[in-house]
Amino acid sequence: MRTQTGSDRERSTGAQELTALAARLLEESGLAPRSARSVADSLVASNLLGHDSHGVRRLPGYLAAVREGLIDPGRTGRVLTRRGATAVIDGERAFGQLAAGLATDELLALCEEFAVGVVTVQNCNHVGRLGEYTGRLAEQGLVALALSNADPTVAPYGGKERRLGTNPMSWGLPRAEGRAPLVMDWATAAVAEGKLALARTRGLSVAEGLLIDASGTGSRDPDDFYRGGALLPFGGHKGYGLSVVIEIVGGLLSRAGISSMPGYEGHFGTVLIGVRIDAFVPLAEFRTQTEEFCAALARTEPSAGAEEVLVPGEPEERTRRYRRRHGIPLPQGTWEELLALKGAADGDGQDGGRPAPHGNQGDHADP
């Protein structure tokens with residue numbers, strides 16, 4: 001198992017250049033320019049926030065899924081039904097970011113009319129980072145919740161076989177005007193599979209308690225997962241219980257099915273829920289008190305070994321500001337894949353140039 005830090009195997013570029021490259025590759029796959037830019041913005045926004053597992057490293061897999069007929073680049077999703085404060089989106093096997101974006105639009109409209117709303121997405125591909133959608137809803141004055149089941153990669157508590165997806169969930173809450181929302185976004189697995197894949201690409205071992213090998217023995221080697229092992233739920237039985245609920249609610253309400261049961265076809269059972277804050281308290285009052293609480297948390301004296309106390313969303317916002325100035329680092333292997341795809345799109349087999357140097361690239365990919 002490799003253990004180098006990988007820092008000498010990374011290249012950096014600005015978000016604007018990276019977005020342009022991603023959009024070009026997506027257009028070549030059959031997406032309309034506007035849709036290609038939307039998916040590219042979503043991917044690069046994840047990179048800017050430091051969630052590289054959901055960034056442009058996903059592109060080779062997405063494009064392969066297009067070639068295999070699993071993603072239909074000519075579709076964008078459609079509203080299938082509306083009933084009271086609920087709606088069902090048919091994702092039409094489009095890029096998941098497009099279907100989830102439509103679901104977010106529909107949820108905003110429902111909350112405007114009914115003060116609450118629930119939207120599910122059927123036939124949905126990978127949507128990227130759930131926090132993108134809860135963050136957008138929070139910016140419009142909502143308390144937002146999103147959850148999704150996924151293909152089975154996680155062992156149940158006490159077991160060694162894959163029976164659950166990483167089954168992420170996200171909450172979004174508005175803070176003071178001009179502040180990025182408070183966004184909680186994580187998998188119910190101890191680590192997202194994408195983060196494990198990133199560690200593998202960078203040649204890194206992982207912490208204890210994240211995965212087991214095929215025999216059910218704990219491991220720090222990411223390769224053991226890809227050799228038939230499984231991820232573990234976070235927090236032992238507590239994360240396991242939460243994952244079970246998300247598997248059932250996300251899988252069944254969206255008709256995607258439970259990922260380890262017969263009939264599941266690999267879709268992501270996505271559910272979005274929104275609540276208008278001003279239906280209960282004035283939005284300004286909620287923002288003010290939330291901000292005061294966040295400030296009180298930040299004033300907490302750090303424990304031994306800690307430098308400061310942050311609230312959800314703040315680490316990502318700091319990373320975004322840093323990467324806007326200094327560029328987005330990617331493993332050399334990811335760069336080589338992207339440049340090979342660009343060379344194929346150019347029809348010349350060339351690498352299409354090298355990443356731009358560090359610096360402010362005037363990106364247009366803010367989350």
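All values derive from a computational prediction rather than experimental measurement.

**Student:** Where do I start with the sheet that holds strand β8 (residues 211-212) in this structure?
**Tutor:** Hydrogen bonds between backbone groups are what pair the strands of a sheet, and the pairing can be parallel or antiparallel. The 3 strands are arranged β9-β8-β10 in an open sheet whose pairing can be described as antiparallel. In this open sheet, the two strands that pair with only one neighbour each are β9 (218-219) and β10 (230-231). Here β8 pairs with β9 via 2 bridges, running antiparallel. Residue pairing for β9: Leu211 is matched across the bridge by Ser219.

**Student:** Help me understand helix α9 (residues 283-298), please; the structure alone is not making it clear to me.
**Tutor:** The α-helix advances 3.6 residues per turn, and as a result positions three or four apart in sequence lie on the same side. A rise of 1.5 Å per residue sets the reference length of α9, with its 16 residues, at 22 Å; its end C-alpha atoms lie 22 Å apart and thus fit the reference within 8%. Arg287, Thr290, Glu291 and Cys294 are the residues of α9 that are buried. Looking straight down α9, one finds its buried side chains confined to an arc of 100°; they lie on one side. Packed against the buried residues of α9 are α5 (130-139) and β7 (182-186).

**Student:** Looking at this structure, how should I read the state of the cysteines?
**Tutor:** Covalent bonding between the sulfur atoms of two cysteines is what defines a disulfide. According to the stated counting rule, one finds 0 disulfides in the structure shown. This cysteine, Cys111, is not joined by any disulfide, and Cys124 carries the nearest cysteine sulfur, 19 Å off.

**Student:** Teacher, can you tell me more about the layout of surface pockets here?
**Tutor:** Which parts of space are left empty comes out when a probe the size of a water molecule is rolled across the atoms. There is about 1,100 Å³ of room inside the largest pocket. Lining the largest pocket we find 49 residues, and of these Arg58, His126, Glu193, Gly194 and Phe268 sit closest to its centre. Secondary structure elements with two or more residues in the lining of the largest pocket: α3 (59-67), β7, α6 (193-201) and α11 (332-346). Of the residues contributing to the lining of the largest pocket, the split by class is 20 nonpolar, 17 polar and 12 charged.

**Student:** What exactly am I supposed to notice about the confidence of the model for the protein here?
**Tutor:** A low pLDDT score tells you not to read the predicted coordinates there in detail. On average, residues of the protein score 91 in pLDDT, and 92% of them are at 70 or above. Segment residues 1-8 is flagged for pLDDT under 50; beyond a separation of four residues in sequence, or across chains, it makes 16 contacts in the model. Scored below 50 in pLDDT, residues 349-367 shows 49 contacts in the model against residues more than four places distant or in partner chains.

**Student:** Help me understand the environment of Ala138 in this model?
**Tutor:** By the secondary structure assignment, Ala138 is in helix α5. Relative accessible area serves as the criterion here: at 0%, Ala138 is assigned to the buried category. As for Ala138 and Leu338, which are separated by 200 residues in sequence, their C-alpha atoms are 33 Å apart. Once residues lying within four places of it in the same chain are set aside, the contact partners of Ala138 are Gly172, Leu173, Pro174, Pro181 and Arg287.

**Student:** Is there a simple way to think about the packing of aromatic side chains in this case?
**Tutor:** The geometry of an aromatic ring pair is captured by two quantities: the separation of the ring centres and the angle between the planes. Under the definition given, this model contains 3 aromatic pairs. Plain terms: the ring middles of Phe225 and Tyr226 are 4.8 Å apart, the flat faces sit at 85° to each other, and that makes the pair edge-to-face. Classification of Phe225 by relative accessible area gives buried; the value is 3%. For Tyr226, a relative accessible area of 29% corresponds to the partly exposed category. Positioned above the aromatic ring of Phe225, the side-chain terminus of Arg162 is 4.1 Å from the ring centre. Positioned above the aromatic ring of Tyr226 is the side chain of Arg200, whose terminal nitrogen or guanidinium carbon lies 4.2 Å from the ring centre.

**Student:** How do you make sense of the sheet that holds strand β11 (residues 270-276) when you look at a structure like this?
**Tutor:** With respect to topology, 7 strands assemble into an open sheet ordered β2-β3-β4-β11-β5-β6-β7, the strand pairing being mixed. Edge positions in the sheet fall to β2 (78-83) and β7, since each has one partner strand and no second. Between one strand and the next, the sheet's axes are offset by a mean angle of 15°, whatever the strand orientation. Here strand β5 (residues 142-148) runs beside strand β6 (residues 169-173); their pairing, made up of 4 bridges, is antiparallel. When the bridges of β6 are listed, Ala146 appears paired with Ser170.

**Student:** What is the right way to look at the pattern of salt bridges in this model?
**Tutor:** Any two side chains of opposite charge can pair, so long as their charged atoms come close to each other. Summed over the entire model, instances satisfying the criterion amount to 26 salt bridges. A salt bridge links Arg24 to Asp346; its shortest N-O distance comes to 2.9 Å. Of this pair, Arg24 sits in helix α1 (residues 15-28) while Asp346 is found in helix α11, placing the two residues 322 residues apart along the sequence. Taking relative accessible area as the criterion, Arg24 reaches 28% and is therefore assigned partly exposed. Among the ionic pairs, Asp52 bridges to Arg202, the shortest N-O distance being 3.7 Å. In this pair, Asp52 is assigned in the loop between α2 (33-48) and α3 and Arg202 in the loop between α6 and β8, connecting sequence segments 150 residues apart. Through salt bridges that share partners, Asp72, Arg75, Arg78, Asp90 and Glu92 make up one connected network.

Basis of the calculations
- Residues numbered from 1 in each chain as written.
- Predicted model: local features only at pLDDT ≥ 70, side-chain atom pairs only at ≥ 80, totals over all residues.
- Heavy atoms only, no water.
- Pairing = 2+ DSSP bridges.
- Helix = DSSP H or I, 4+ residues; strand = E, 2+ residues; numbered from the N terminus.
- Expected span 1.5 Å × (residues − 1).
- Buried < 20%, exposed > 50% of the residue type's maximum accessible area, 1.4 Å probe, protein only.
- Arc of directions from axis to C-beta.
- Contact = heavy atoms within 4.5 Å.
- Disulfide = S-S within 2.5 Å.
- 1 Å grid on protein atoms, 1.4 Å probe; cavity = no way out; pocket = protein on both sides within 12 Å on 5 of 7 lines; lining within 4 Å.
- Points joined across faces, edges and corners; volume = space filled by probe spheres on them.
- Nonpolar A, V, L, I, M, F, W, Y, C, P; charged D, E, K, R; others polar.
- pLDDT = per-residue confidence, 0-100.
- Phe/Tyr/Trp six-rings, centres within 6.5 Å; stacked < 30°, edge-to-face > 60°.
- Lys NZ or Arg CZ within 6 Å of the ring centre and 35° of its normal.
- Axes fitted to C-alpha atoms, helices over the stretch in contact; angles between N-to-C directions.
- Salt bridge = Lys/Arg side-chain N within 4 Å of Asp/Glu carboxyl O.

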